[in-house]
Amino acid sequence: MNQEYYEAVTKLEEMGCDEEYIQGWQAGYLQNPKREEQRVTEPYDAGYTDGEEKSTENAGNWLKT
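No experiment lies behind these values; they were computed from the predicted model shown.

Asker: Could you clarify how one ought to interpret the overall build of the chain in this entry?
Answerer: Counting its secondary structure elements, the chain contains 3 helices and 0 strands. Of the regular secondary structure in the chain, the N- to C-terminal order runs α-α-α. By the compact-globule yardstick of 11 Å for 65 residues, the chain fits well, its C-alpha radius of gyration being 11 Å. By its C-alpha atoms, the chain is 30 × 30 × 15 Å across when sized along the principal axes. The buried share of the chain, taken over its 65 residues, is 38%. Restricting to contacts in the chain with at least 6 residues of sequence separation, those with at least 24 account for 51%.

In structure tokens, the structure reads:
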């Protein structure tokens with residue numbers, strides 16, 4: 001596992017991001033196929049897009065409330 005991935009996931013967890021966002025981010029970063037359409041949530045979709053870009057810039061929009 002690469003250090004950039006590990007550090008980013010740790011940061012997302014420590015920030016208190018939505019689990020769906022984190023799961024999406026991980027899948028996007030690793031270039032895994034998206035979930036089936038009926039299981040995709042808004043936070044997952046946003047995380048997937050950010051993960052593909054290897055960015056955590058938008059993570060603050062997906063904090064657990």
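Asker: Would you mind going over helix α3 (residues 42-52) with me for this structure?
Answerer: What sets the pattern is the α-helix's 3.6 residues per turn: residues three or four places apart point alike. Buried within α3 we find Pro43, Tyr44, Ala46, Gly47, Tyr48, Asp50 and Gly51. The inward-facing, buried residues of α3 contact α2 (19-29). Lys54 sits one or two positions beyond α3 and adopts a positive phi of about 55 degrees.

Asker: When you look at the packing of α2 against α3 in this model, what are you seeing that I'm missing?
Answerer: Axis angle and axis distance: for two packed helices, these are the angle between their axes and the distance between the axes, and together they describe the pair. Where α2 contacts α3, the two axes come as close as 6 Å, and the packing angle between them is 35 degrees. Judged by the sense of rotation from one axis to the other, the crossing of α2 with α3 is right-handed. Between α2, through Glu20, Tyr21, Gln23, Gly24, Trp25, Ala27, Gly28 and Tyr29, and α3, the contact on the second element is made entirely by Pro43, Tyr44, Ala46, Gly47, Tyr48, Asp50, Gly51 and Glu52. Taken together, the residues that form the contact of α2 with α3 break down as 8 nonpolar, 5 polar and 3 charged.

Asker: How should the packing of helix α1 (residues 3-15) against α2 be read in this particular structure?
Answerer: Contact geometry for α1 and α2: axes closest at 10 Å, N-to-C directions at 165 degrees. Compared by their axis directions, α1 and α2 come out roughly antiparallel. Handedness of the crossing formed by α1 with α2: right-handed. Judged by residue contacts, Glu4, Tyr5, Ala8, Val9, Leu12 and Glu13 of α1 engage Tyr21, Ile22, Trp25, Gln26 and Tyr29 from α2. Considered class by class, the residues forming the contact of α1 with α2 number 8 nonpolar, 1 polar and 2 charged.

Asker: I tried to follow the packing of aromatic side chains on my own but got confused; where do I start?
Answerer: Any pair of aromatic rings gets described here by the distance separating the centres and the angle formed by the planes. Evaluated as defined, the whole model comprises 5 aromatic pairs. Ring centres 6.3 Å apart and planes at 15 degrees place the aromatic pair Tyr21 and Trp62 in the stacked group. Pair noted here: Tyr21 is in helix α2 and Trp62 is in the segment after α3, with a separation of 41 residues, a long-range link. A single burial state applies to Tyr21 and to Trp62, both of which are buried. Between the aromatic rings of Trp25 and Tyr29, the centroid separation amounts to 5.0 Å while the plane-to-plane angle is 25 degrees, which identifies the pairing as stacked.

Parameters and conventions
Residues numbered from 1 in each chain as written. Predicted model: local features only at pLDDT ≥ 70, side-chain atom pairs only at ≥ 80, totals over all residues. Heavy atoms only, no water. Helix = DSSP H or I, 4+ residues; strand = E, 2+ residues; numbered from the N terminus. Rg over C-alpha atoms; globule rule 2.2 N^0.38 Å. Buried < 20%, exposed > 50% of the residue type's maximum accessible area, 1.4 Å probe, protein only. Contact = heavy atoms within 4.5 Å. Axes fitted to C-alpha atoms, helices over the stretch in contact; angles between N-to-C directions. Left-handed = near helix turned anticlockwise from the far one by under 90°. Nonpolar A, V, L, I, M, F, W, Y, C, P; charged D, E, K, R; others polar. Parallel < 35°, antiparallel > 145°, perpendicular 65-115°, else oblique. Phe/Tyr/Trp six-rings, centres within 6.5 Å; stacked < 30°, edge-to-face > 60°.

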